[in-house]
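Inside the fold
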Amino acid sequence: MGGLLVTCQQARPWIGAWIDGELDLMQSAELRKHLAECQSCSEELEALRALRESIRKVSPSKVSEELRDRVARSIPPAAMKRRISALPLGFAFVGGVVVAVVGTALWNSRASTHSALVAELMQSHVRSLMPNHLLDVVSTDQHTVKPWFDGKTSISPTPFQLRTEGFPLLGGRLDLIEGQRVPVFVYGRRKHLINLFVFPASGATMWLEDRQGYHLLSWNEGELEYVAVSDVDSSDLKQFKADYQTAEGK
């Protein structure tokens, strides 16, 4: 993820425009680099392409006048013009309006879900900094922290000790994110703290986001998804991810 020029949050609105040929050369180059490293956005691209291909196969005669009028009224004229120009003659109206409506709804829904998750993670991180909220199990020994979570969550990740790499393990706690109990491992970085949230993987995803002075970095390993949250520099957070993945690969 370290080589990406844009984040997923920046890249996702570009994908539809890229398919329509609306990005300039610099944006297209940056998006290609992002897609080469981000499986999640690549899957979004393929899903949108598949949706458009399905729409191309719809016969205009099967669409009622009422639906055409209702959908057309919901789309700004400028957006309508851009979408229509990207589709074959004869399917332009049907394909254009459906892609515009369904595509916009799809992106807005996923962006809303992502934003809600980020907000929850931010709240949990800030709350953990309050007295007596950071740790449920206090230990620098991964063999003590890991068994503490047995039976408390549906997953059993390993909290690697990264002291020699400059990220000492401090302990862990249980937290409630998106209605599910998840393990959180806590690491130090000089005078800063890193909360590492671990979830069952819900789909390939990698993203880096800045929010109110904090950085959030997400990655997947096998059946698990990790999100590290901290106010350390983003380069430190990327190094933490690299060191954690190295330890996991040993």
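Residues numbered from 1 in each chain as written. Predicted model: local features only at pLDDT ≥ 70, side-chain atom pairs only at ≥ 80, totals over all residues. Heavy atoms only, no water.

**A few points about the pattern of salt bridges**
- Summed over the entire model, instances satisfying the criterion amount to four salt bridges.
- A salt bridge links Asp 175 to Arg 173; the nearest nitrogen and oxygen atoms lie 3.5 Å apart. Each member of the pair Asp 175 and Arg 173 is classed as buried.
- We note a salt bridge from Asp 236 to Arg 190, for which the minimum N-O separation is 2.6 Å. A residue pair is termed long-range when its members are at least 10 positions apart, and Asp 236 in helix α8 (residues 234-249) and Arg 190 in the loop between β3 (180-189) and β4 (192-200) qualify at 46 residues. (Salt bridge = Lys/Arg side-chain N within 4 Å of Asp/Glu carboxyl O. Buried < 20%, exposed > 50% of the residue type's maximum accessible area, 1.4 Å probe, protein only. Helix = DSSP H or I, 4+ residues; strand = E, 2+ residues; numbered from the N terminus.)

**Focus on the sheet that holds strand β6 (residues 214-221)**
- Ordered by their spatial adjacency, seven strands build an open sheet running β1-β2-β3-β4-β7-β6-β5, and the pairing between neighbours is antiparallel. Since the sheet does not close on itself, it has two edges, and those belong to β1 (137-138) and β5 (207-211), each with one partner.
- Against the sheet, α8 makes contact with β3, β4, β5, β6 and β7 (224-230), and its axis sits at roughly 25° relative to β6, the strand it touches most. (Pairing = 2+ DSSP bridges. Contact = heavy atoms within 4.5 Å. Axes fitted to C-alpha atoms, helices over the stretch in contact; angles between N-to-C directions.)

**Focus: the confidence of the model for the protein**
- Looking at the protein as a whole, its pLDDT mean stands at 76, while 71% of the residues score no less than 70.
- Per-residue pLDDT stays below 50 along residues 78-95; that stretch engages in 35 contacts with residues further than four places along the chain or on separate chains.
- Predicted confidence is poor over residues 105-109, with pLDDT under 50, and the contacts of this stretch with residues over four places away or in other chains come to four contacts. (pLDDT = per-residue confidence, 0-100.)

**Some thoughts on the nonpolar core**
- Core analysis: the largest hydrophobic core is formed by 28 residues, its most contacted members being Leu 121, Phe 197, Phe 199, Trp 207 and Leu 216.
- With five residues, helix α1 (residues 8-19) is the largest single contributor of residues to this core.
- Not counting residues up to four positions away in its chain, the partners in contact with Leu 121 are Ile 177, Phe 197, Phe 199, Trp 207, Leu 216, Val 227 and Val 229.
- Within the second largest apolar cluster, 24 residues are counted, among which are Ile 194, Leu 196, Leu 208 and Leu 237. (Core = buried A, V, L, I, M, F, W, Y, C linked by side-chain atoms within 4.5 Å.)

**A few points about the pairing of β6**
- The element β6 is extensively covered by neighbouring structure, given that six of its eight residues are classed as buried.
- Note that β5 and β6 share five bridges and pair antiparallel. Bridge pairing in β6 links Arg 211 to Tyr 214.
- Between β5 and β6, which follow one another and run antiparallel, lie two residues, and Gln 212 among them has a positive phi close to 55°.
- Here β6 pairs with β7 via seven bridges, running antiparallel. When the bridges of β7 are listed, His 215 appears paired with Ser 230.
- With antiparallel pairing between neighbouring strands as the criterion, β6 and β7 make up a hairpin whose turn holds two residues, including Gly 222 at a positive phi of roughly 60°.

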